[in-house]
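Residues per chain, in single letters:
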Amino acid sequence: MPRLILLRHGQSQWNLENRFTGWVDVDLTDEGEAQARHGGELIAAAGFHPAVMFTSVLTRAKRTGALALQSANLTDVPVIEDWRLNERHYGGLTGLDKAETARKHGEDQVKIWRRSYDIPPPPLEAGSEWDFAADARYAGQAIPDTESLKTTLDRVLPYWNETIAPRLMAGEDVLIAAHGNSLRAIVKHLFAVPDDQIVGVEIPTGNPLEIDLDAALAPVAARYLDQDRATPLPAVAG
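Each chain carries its own residue numbering, running from 1 in the direction its sequence is written. Where local features are concerned, this predicted model is filtered to residues with pLDDT of at least 70; where side-chain atom pairs are given and counted, the filter is 80 or more; whole-chain, interface and lining totals use all residues. Side-chain numbers here rest on the full set of heavy atoms in the structure, without hydrogens or water.

> When you look at the packing of helix α6 (residues 149–169) against helix α7 (residues 180–191) in this model, what are you seeing that I'm missing?
Working note: a packed helix pair is described by the angle between its axes plus the distance between those axes. Throughout, an axis means a line fitted to C-alpha atoms (over the contacting stretch in the case of helices), and angles, computed between N-to-C directions, take values from 0 to 180 degrees. The helix and strand labels rest on DSSP assignments: H or I over at least four residues marks a helix, E over at least two residues marks a strand, and numbering proceeds from the N terminus. Two elements in contact, α6 and α7, have axes separated by 9 Å at closest approach and are oriented at 70 degrees. Taken together, α6 and α7 sit at an angle that is classed as roughly perpendicular. The residues of α7 that touch α6, namely those facing Leu149, Thr152, Leu153, Val156, Leu157, Trp160 and Asn161, are Asn181, Ser182, Arg184, Ala185, Ile186, Lys188, His189 and Leu190. Each residue gets one of three labels, nonpolar for Ala, Val, Leu, Ile, Met, Phe, Trp, Tyr, Cys and Pro, charged for Asp, Glu, Lys and Arg, and polar for the others, Gly among them. Residues that form the contact of α6 with α7 fall into these classes: eight nonpolar, five polar and two charged. If an angle is under 35 degrees, it is roughly parallel; if it is over 145, roughly antiparallel; if it lies from 65 to 115, roughly perpendicular; otherwise it is oblique. Here, two residues are considered to be in contact whenever any of their heavy atoms come within 4.5 Å of each other.

> Help me out: how do you make sense of helix α2 (residues 30–45) in this one?
For an α-helix the count is 3.6 residues per turn, leaving residues at separations of three or four pointing the same way. The length a helix should cover is 1.5 Å for every residue beyond the first. Helix length check: α2, at 16 residues, gives a terminal C-alpha distance of 23 Å against a target of 22 Å (1.5 Å per residue), a fit within 8%. Summary of the burial criterion: residues with accessible area below 20% of their type's maximum are buried, those above 50% are exposed, and those between are partly exposed, where the area comes from a 1.4 Å probe applied to protein chains only. All of the buried residues in α2 are Gly32, Glu33, Gln35, Ala36, Gly39, Gly40, Leu42 and Ile43. Contacts from the buried residues of α2 go to β1 (3–8), α3 (59–71) and β4 (174–178). Once α2 finishes, glycine 47 follows within two positions and takes phi at roughly 70 degrees, a positive value.

> Sorry, what's going on with the environment of alanine 192 here?
Following the sequence through the fold, alanine 192 ends up in the loop between α7 and α8 (195–198). Given the relative accessible area of 61%, alanine 192 is considered exposed. Sequence separation of alanine 192 and alanine 218 is 26 residues, and the distance between their C-alpha atoms is 9.9 Å.

> Teacher, can you tell me more about the pairing of strand β5 (residues 209–213) here?
As a general feature of sheets, a regular strand has side chains that alternate between the two faces. Burial analysis of β5 places five of its five residues in the buried class, which makes it a mostly covered element. Pairing geometry for β1 and β5, over four bridges, is antiparallel. Of the residues in β5, the one forming a bridge with leucine 4 is isoleucine 211. Strands pair, by our definition, only if DSSP identifies at least two bridges between them. As defined by bridge partners, β5 adjoins strand β6 (residues 219–224) across five bridges and the pair is classed as antiparallel. Bridge pairing links isoleucine 211 to alanine 222 in β6. Once β5 ends, the chain turns through five residues before running back antiparallel as β6, passing leucine 217 with a positive phi of about 65 degrees.

> In this structure, what is going on with the sheet that holds β5? I would like to understand it.
Sheets are built from strands that pair by backbone hydrogen bonding, the pairs being arranged parallel or antiparallel. Spatially, the six strands line up as an open sheet ordered β3-β2-β4-β1-β5-β6, and their pairing is mixed. In this open sheet, the two strands that pair with only one neighbour each are β3 (79–81) and β6. Recorded for the sheet is a direction-independent mean angle of 20 degrees between the axes of neighbouring strands. Relative to β3, strand β2 (residues 52–55) runs parallel, the two being bridged by three bridges. Opposite phenylalanine 54, over in β3, you have isoleucine 80 as the bridge partner.

Dropping the structure here:
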């Protein structure tokens, strides 16, 4: 029975500053580093030794995974990076202070942009400060200029099916160190969470979510590793 662990990155500098981060490559704070190390301690205590770790191309996720593996004494685990595990692209909101944005556009509108399943923020203007078109990490890719959770799932799911799922189907344990929305997309897929409920799912930072899967990759048990017992599946999913 393969095991999957989802690890959301620790606090980043822009998390601390309450800014929309998305694809901007900011680093962890000291607190974020501590959260990542604690996640690794929980992974070690659970006796989890993944065959591979998947992560995004963004520093905060990569460093969270690396610090967790180091803390768990699992530095021999190979790491595979892919932009399709990136955080949701926040479009024209990228870099903005969240409180200031709410004052400018109204809390209700910002809540729709942040929490609706299929309504994205305004697109990022070409040539703006946070335009990622020239970033070498995305060379040759048709990258978005904004995303909803739905379109985030649309890019995460093919990568899951093509690259991650085959490793699990082969019986390997897998660790994914990524972001709130890319991990939420995976949870939605695995647990078949309805569109109107997935926006309420929150995966805490630095607290690994272990999911036990059957041979068809359907979840049979799940728990956050700071808990002693498995959590009922509906509780994990919502």
